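Residue-level listing of the chains:
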Amino acid sequence: MEIIKKIINNNTYTFVCETWTTARAWEHKVTLFRNNTEYTTQKITYYNRTWECYEYQSCMLKCVNSIIDEEKEFIFNEYKRANNKKRLTQEQKDELTNNSKIIQELKELKKAL
């Protein structure tokens, strides 16, 4: 098990990384915590070699990307509900994404990885 910590805007992001191996494959499992509260868990099973810059990189990025996607979905749904809309234009989506402090923080975290 390996623990990797990143601090972004006074928030501590902790990645708890684990590895399992079998005769035919291996798996990386990463649990992401934000200020000691569990955010998400993701895993990747590898059957061949990887091209990561360092161990667990792909799985950590998968954690951050999944949270960004969930946050975008939440923001879009809230905006549609509040404004009685069924669809959003790409410009509206971009504006909502750029105005979200959480998404911007997660993008900074992604760059730090």
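The residue numbers shown here count from 1 along each chain, following its written sequence. Reporting of local features is limited, given that this is a predicted model, to residues whose pLDDT is at least 70; pairs of side-chain atoms are given and counted only at 80 or more, and all residues count toward the totals for whole chains, interfaces and linings. Just so you know, side-chain values use all the structure's heavy atoms and leave hydrogens and water out.

### Quick look at the sheet that holds strand β4 (residues 37-46)
In this description, strands pair whenever DSSP reports at least two bridges between them. Secondary structure follows DSSP: runs of H or I at least 4 residues long count as helices, runs of E at least 2 residues long count as strands, and numbering of each begins at the N terminus. Pairing is antiparallel across the open sheet formed by 4 strands, whose spatial order is β1-β2-β3-β4. In the strand order of this sheet, the two ends are held by β1 (2-8) and β4, each with one partner. Neighbour to neighbour, the strand axes of the sheet diverge by 20° on average, direction disregarded. By the bridge criterion, 9 bridges tie strand β3 (residues 26-34) to β4 in an arrangement that is antiparallel. Its bridge partner being in β4, H28 is matched across the sheet by I44. Helix-sheet contacts for helix α1 (residues 57-83) involve β1, β2 (11-21), β3 and β4, and the interaxial angle to β4 is about 130°. Here an axis means a line fitted to C-alpha atoms, over the contact stretch when the element is a helix, while the angle between two N-to-C directions is reported on a 0 to 180 degree scale. The criterion used for residue contact is that any of the two residues' heavy atoms lie within 4.5 Å.

### Description of the environment of Q90
Relative to the elements of secondary structure, Q90 occurs in helix α2 (residues 90-99). The spacing of Q90 and F33 is 57 residues in sequence and 31 Å in space, taken between C-alpha atoms.

### Quick notes on unusual backbone geometry
In this structure, N35 is a non-glycine residue whose phi angle is positive, near 50°. If you trace the backbone, N35 turns up in the loop between β3 and β4. Taking relative accessible area as the criterion, N35 reaches 36% and is therefore assigned partly exposed. Positioned with a positive phi, Y56 is a non-glycine residue whose angle comes to about 80°. Only protein chains enter the accessibility calculation, which uses a 1.4 Å probe; a residue whose area is less than 20% of its type maximum is buried, one above 50% is exposed, and one in between is partly exposed.

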